[in-house]
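One letter stands for each residue in the lines below.
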Amino acid sequence: MSTAPDAPRTRVFFHEARRPPVLFVVDERILAGHISDIHDDGFSIITTEDFSQMESRIIETLFLGALDEQRFIENLRIARVRHADVSDSWSLTVFIGDKARLGEFHQLLEAARGDRTQTVDPSVDRARLPRIEPAKHYTQEAVDTRLDWLRRTTGAELQNIDTHAFRIESLAGNVENFVGAVQVPLGIAGPIRVNGLYAKGPVAIPMATTEGALVASLNRGAVALNRCGGVTVHVRRQRMVRAPVFFCRDIHAAINLERWLLAHIPEIRTRATSVSSIAKLVDLQTFIFGRTCHVQFVYETGDASGQNMTTSCTAFACEWIREQVAGDPYMGVESFMIEGNMSGDKKVSFQNVLLGRGVGVVAEAWVSDEVLGEVLHVDAMSLARNFQASEFGAMQIGMMGHNANCANVIAGIFTATGQDIASVHESSLGILKLFPERGGIQLSLLLPSLVIGTVGGGTRLPTQRECLQIMGCAGQGQLYKFAEIIAAACLALDLSTLCAILSNEFVSAHEKLGRSRGSQRITRGELGVGFLRGVADRAQTGGLELRAATEVPLDSNAGIVNQLVSSRGGGVFGLFRYDVEVERGGARERMGAMLKLKSPHAEVGRLASGIVRLTGDDQLPGLFDQNFDVFGFARSDVRELEFYRHAPLAMRPWLPEVWGTRHDPAREVFAVLLEDLSACSHLNTVDHPEAWTDDNLRVVLRDLAKLAAATMERPEALWPGLIESKRPEDFERATPLFAALLEYQQRRAPDVFSGPWMRALEAFIANIRARMEALGAVTQCVSHNDFNTRNLALRPAATGGGLVVYDWELACVQPPLHDAMEFLIFALPPQSNAQALLGWLERYRAEHIALNRPMLAPGASESDWISLVHNTAVELTVNRMNLYWLLQNVKHFSFLRRVTANLRQIVEATHDAHP
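Note that the structure is predicted; figures quoted are calculated from it, not measured.

**Observations concerning the overall build of the protein**
Counting its regular elements, the protein contains 29 helices and 26 strands. Based on the C-alpha atoms only, the size of the protein along its principal axes is roughly 115 × 85 × 45 Å. Sorting the 915 residues of the protein into buried and exposed places 52% on the buried side. Partitioning the contacts of the protein with sequence separation of at least 6, the portion at a separation of at least 24 is 73%. Surface accessibility of the protein: about 40,300 Å² in total, with carbon and sulfur atoms responsible for 52%. For the protein, the distance from the average position of its 91 positive side-chain charges to the average position of its 106 negative side-chain charges is 4 Å.

So, in C-alpha cells, the structure goes:
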C-alpha cells in the first residue's frame, strides 16, 4: 500500500452533473472518468473502470475533455485508490507535488470547463458574515458583498440566486442579509366554482410547487365539483391569539394577578389596541400554573394574518400591566415573557381544532354518481367505504384532524401568495367527512386555523401580490374571500386524491389516465358479423361477402400498449380471431380472420404520461409530455389503417392479406380485418430466441431487404403527412428528455446503464442533431420501426415460407438498417461479444448489394458503414429501449435485459471505431 500525502487544507467538490470528464492512460490502457474534486496537492477522479490492482500506478497521460493535444498533462502519481460499493465506482486521488505543474493543471482544467473554476479563498474569514453599515443593509452594494463572500468561502458559483424581481430597499420587513431569491415553479389549477358570501363564480388557483401531478390532481377535482354546482363555503370567524406568561413571587401572587387582569379587561383592551388601527382585542383568558399566570390575548386582525401585529399589541399591553401592578405587594410580578406557548403558533393543537387560530372556514359539496364514474372513476358507496377505513387508520395513530391532502393546497397557495410558510402546519389542520346521499357523495370540510392575510408581510412582494390578484384577493377587504377560495381548493384536491387512491390511479399508470367516455366506444357485444362486414370493405370489393362469424379463443389478444389501455375499461382494443363463413361467386367456404382494434393515439399518450409519473422523477413528466411525439406515436392509430389501404403492390408479398379497414372518429374505432396468421411459424417468439435458426434468420434478412428496396424511391411521397422521416430538430428539442431518461435508467439499473455504453449514449445525446442528420443523409426507405419478434412471422413452407410483417402503426422513413438491427437483437440469444451480431448485419448489407439497392452511396468507406451501424444502434437505444425500460414499471419484460445486452454489444464494438 502506498502512503497518501497529507490531507489537503482546501478541497472543492464539483456537482455530480458538472464534473469535468477526463481520459487517462495507465499501463497503455485508455480509461475514462470524471474529476470529482480538486485540492491543494492535486485532484480526485471518479471512474467505473476496475482499479483493484492499480494502487501506486502512474497516469502516463491525462486528457481533460477530449483527446486534445492542447489539454493534457503527463506523469501523475495515483496516491490512493478507494472503492465505493454502493455505486460500484473507484475514486483515485492524484498527487501533484510540484506547484508549477499544479498551476498548469488548473489552467488546463479552466480551459476544459470553458468557465472560471471557483475555488475557496483561504484569506476570507468563513466564520463571520461581512460587516455592513446599517444604512446600507438593503442596497445592491451589500448584496454584492455578501454574494462575493459566499462565492469565496464556499466555492459555489451562484449563477442564479441573484436573479429576482425585488426592489432591494423594500425588503426590510421580510428578510435580513438578503442575497437573492429561490424560484419555485408556479402552476394554475382550476378554475373552481366557489359559492360563498365573498367569493362567487369560477376562480383560478395559483399553486407554487415542485411536486409533479399536484396541479393536475387539483384540476381533476375541480372539474368534478364544477359539473355538480361547485363548492359552497362559509367563513365562521377570525381569531388570532398571542399568549404571554407572567412570572410571580408565588402561587398566591399569580392568583391575585389573574383576578386583577379579569377586573381590568376594558383598560387592557384600550392599551393593546392603541398600538394598531386594525387589531381588536375580543377576548382574554387566564391560566394559573404554579407561580406563573398565562394569559391568552385573542384578537381580530382585519385582512392581515396578524401574528406580528398581535405581538406588538400584546407586548405594549403587558408592559402597561407590569407598570400598574409593580407596587402591589400582593401580586409580586417579577417579569413576563411575550409567548408562553399557549397561542398554538405554528403548532397543531386541540385548541386550534376547537377554537381556531386565524380564519375558520367550512366547505361542502355534492358530487353525483355519474360524475364520480366519468371523471373520478369511482362510485359513491365504494368511496364512502374506503373513507371509513381511512378514518379508523387516522384514529388508530392519533391523527389530529382527518383529511387527505389539504397541506399540499395550502403549501402551494401560501408559497405563491407570500403567506407565512411556517404556518402551513397549523393551517392544514382540517376535518373532512363524506357520506353517500341522493345518488352521489356529500363532502364537508372544516379548516379551523387558516393563518392567512391579504395585506402586510410577504403579500407586498411583487410576484406574490400578482398571485393574490389572480384570485381577486389582493389588498384590504379580501381576507374572507381568500379563505373561501382556499377551502374550496382543499376540498377539490381531497376529493381527487381519495378517488385516485380508490381507483388505483395513485399508483397505477394506466388507471392514472382516467377512463374516457366509454359510453361512446364499441362494446365487446358489438363485435359480431355485422361489425365485421362494416370493416371488410376491400373483401366486398373483391366479391367476397361475409355470411357468419364465430369468435375463436386467442392466447393473447393484445400487444403491449393495447393490453395496458384495454385494462382500464371503457373500450375494447386488441386482436380477436374469428372463424368466418364467406360467399364468393355463389360458393361458400370457411376461413380464419383476425380483427385488430387499435387504441387511440391520445390514449397511448395518456398511458405513457402516467407511466412516466410513476418514476417519481421531478423533471421527467413535464419533459416527456412536451416531447412525446419524438417517439413516433402521434397519429399511430390512423397511420396503420392508411398504410394497409395504400401499401404499394411491391410491398404486399410480405404483408398480411387485408380485407378492409374502418375509421369511426366519433366512437374511436380504428379497425383492421386481415387474414388469420395462426398457421404461420415464429409468432410472438419474443421470449424464445431458440426458435430462430440460422436458416430462419437468413430468410428474414433476405425478405426484409426486398421489402425495404420496394420503397427506396421517394419513400416520403407514399404516405405524405403520416409516414415521415425522423426530424433532427425534434430530437434536438428533446435532448433534455433523453438526458433525463438516461440518468433515470442509470439510477434504476446501474448494472445495465454503465461503462463505455453509457459514454456512447451520452455522446450521442450531446450531439444528437448532427447524428440524426447523418442518419438522414444515407439511403432511406419505409421502415416498420417496431420490427421485433412480436410483429413478424414466417409463412408455412407450402406457401413459400417467406416473411410476413404486421403492426405497422409506428412506420416511418429511415435507413433500412434500423429494422434489421432491431430484429437481430430480439431474435438472437445473449451474445458474449458483438461478432455474430455484426456478422448478420454484414449479411443484410450484402442482401441489399445483391438487389442493387445498397444502403450506402457508391464510394462509401468502411468507416461510413461503422458510423451507420453505431448511430443506428444508439438511436435505437435512446428512442426505443428507453420506452421498454420505462414500461418495466408496470409490466415485466423477461426479454428486456437480453435484448438490451445485445444492443449494448453493438454500441460498444463500434464506439471506438466511430469517427
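What follows continues from the structure just given.
**Concerning the pairing of strand β7 (residues 89-95)**
With respect to burial, β7 is a largely interior element, five of its seven residues being buried. Pairing between strand β4 (residues 42-47) and β7: six bridges, direction antiparallel. Each bridged residue has a counterpart across the sheet, and for T47 the counterpart in β7 is W90. Across seven bridges, the pairing between strand β6 (residues 72-84) and β7 is antiparallel. For A84, the partnering residue across the bridge sits in β7 and is S89.

**Digging into the nonpolar core**
Among the nonpolar cores identified, the biggest contains 112 residues, and F631 and F823 are the most heavily contacted of them. Ranked by residues supplied to this core, first place goes to helix α28 (residues 862-887) with 14 residues. Not counting chain neighbours up to four residues away, the residues in contact with F823 comprise W692, L697, V700, L701, F787, T789 and L792. By size, the runner-up hydrophobic cluster in this structure holds 64 residues, among which are V194, V231, V359 and A384.

**Some words on a nonpolar patch on the surface**
On the surface, a nonpolar cluster with roughly 360 Å² of combined accessible area is contributed by F350, L354 and L355. Note on placement: L354 falls in helix α7 (residues 350-354). Of the residues examined, L354 reaches a relative accessible area of 68% and is grouped as exposed.

**Thoughts on the packing of aromatic side chains**
Per the stated rule, a full pass over the model turns up 26 aromatic pairs. A centroid spacing of 6.0 Å and a plane angle of 65 degrees characterise the contact between F787 and F823, whose relative ring orientation is edge-to-face. Residue F787 is found in the loop between β23 (781-783) and β24 (792-794), and its partner F823 is found in helix α26 (residues 817-827); the two are separated by 36 residues along the sequence. Classification of F787 as buried rests on a relative accessible area of 1%.

**Concerning the sheet that holds strand β19 (residues 574-584)**
The strands making up a sheet associate through backbone hydrogen bonding, with each pair oriented either parallel or antiparallel. The sheet built from five strands is open, its strands ordered β18-β19-β20-β22-β21 with antiparallel pairing. A strand with exactly one partner marks an edge of an open sheet, and here the two such strands are β18 (544-552) and β21 (658-664). Taken over all neighbouring pairs, the strand axes of this sheet differ in orientation by 25 degrees on average, direction set aside. As paired elements, strand β20 (residues 587-597) and strand β22 (residues 669-675) share five bridges and run antiparallel to each other. Among the inter-strand pairings, L597 is bridged to a residue of β22, identified as A671.

**Considering the packing of helix α10 (residues 406-417) against helix α12 (residues 462-470)**
It is the contact of α10 with α12, at a shortest axis distance of 7 Å, that shows an interaxial angle of 120 degrees. Here α10 lies oblique to α12, going by the angle between them. Where α10 approaches α12, its residues T415, A416 and T417 are matched on the opposing element by T463, Q464, C467 and L468. Partitioned by chemical class, the residues of the contact of α10 with α12 number three nonpolar, four polar and no charged.

**Here we look at the packing of helix α21 (residues 694-709) against α26**
Where α21 contacts α26, the two axes come as close as 11 Å, and the packing angle between them is 165 degrees. The orientation of α21 with respect to α26, classified from their angle, is roughly antiparallel. The chirality of how α21 crosses α26 is right-handed. Residues L697, V700, L701 and L704 of α21 lie in contact with α26, whose contacting residues are D819, A820, F823, L824 and A827. Grouping the constituent residues of the contact of α21 with α26 by class yields eight nonpolar, no polar and one charged.

**Structural notes on a negative patch on the surface**
On the surface, E133, E141, D144 and D162 cluster together into a patch of negative charge. Its place among the elements puts D144 in helix α2 (residues 140-154). Classification of D144 as partly exposed rests on a relative accessible area of 40%.

**So, the side chain of E875**
Position of E875 relative to the elements: it lies in helix α28. Excluding residues within four positions of it along the chain, E875 makes contact with K726, F731, F764, M772, L775, Q814, H818 and R880.

**Quick look at the side chain of E822**
Looking at where E822 falls in the secondary structure, it is placed in helix α26. Accessibility expressed as a relative area gives 0% for E822, which makes it buried.

**Things to note about the pattern of salt bridges**
Applying the stated rule across the entire model yields 44 salt bridges. The closest approach of N and O atoms between E581 and R590, which form a salt bridge, is 3.0 Å. On the basis of relative accessibility, which here comes to 18%, the residue E581 falls in the buried class. As a salt-bridge pair, K596 and E809 come within 3.2 Å of each other at their nearest N and O atoms. Placement of the pair is K596 in strand β20 and E809 in the loop between β25 (803-805) and β26 (812-814), with a sequence separation of 213 residues.

Criteria and thresholds
Residues numbered from 1 in each chain as written. Predicted model: local features only at pLDDT ≥ 70, side-chain atom pairs only at ≥ 80, totals over all residues. Heavy atoms only, no water. Helix = DSSP H or I, 4+ residues; strand = E, 2+ residues; numbered from the N terminus. Buried < 20%, exposed > 50% of the residue type's maximum accessible area, 1.4 Å probe, protein only. Contact = heavy atoms within 4.5 Å. Areas by Shrake-Rupley, 256 points an atom, 1.4 Å probe, with all protein chains shown as cover. Lys, Arg positive; Asp, Glu negative; His and termini not counted. Charge placed at Lys NZ, Arg CZ, Asp CG, Glu CD. Pairing = 2+ DSSP bridges. Core = buried A, V, L, I, M, F, W, Y, C linked by side-chain atoms within 4.5 Å. Patch = residues over 30% accessible without salt bridge, like charges linked within 9 Å, V, L, I, M, F, W, Y side chains within 5 Å. Salt bridge = Lys/Arg side-chain N within 4 Å of Asp/Glu carboxyl O. Phe/Tyr/Trp six-rings, centres within 6.5 Å; stacked < 30°, edge-to-face > 60°. Axes fitted to C-alpha atoms, helices over the stretch in contact; angles between N-to-C directions. Parallel < 35°, antiparallel > 145°, perpendicular 65-115°, else oblique. Nonpolar A, V, L, I, M, F, W, Y, C, P; charged D, E, K, R; others polar. Left-handed = near helix turned anticlockwise from the far one by under 90°.

Keep in mind that these numbers describe shape and distance, not what the molecule does.
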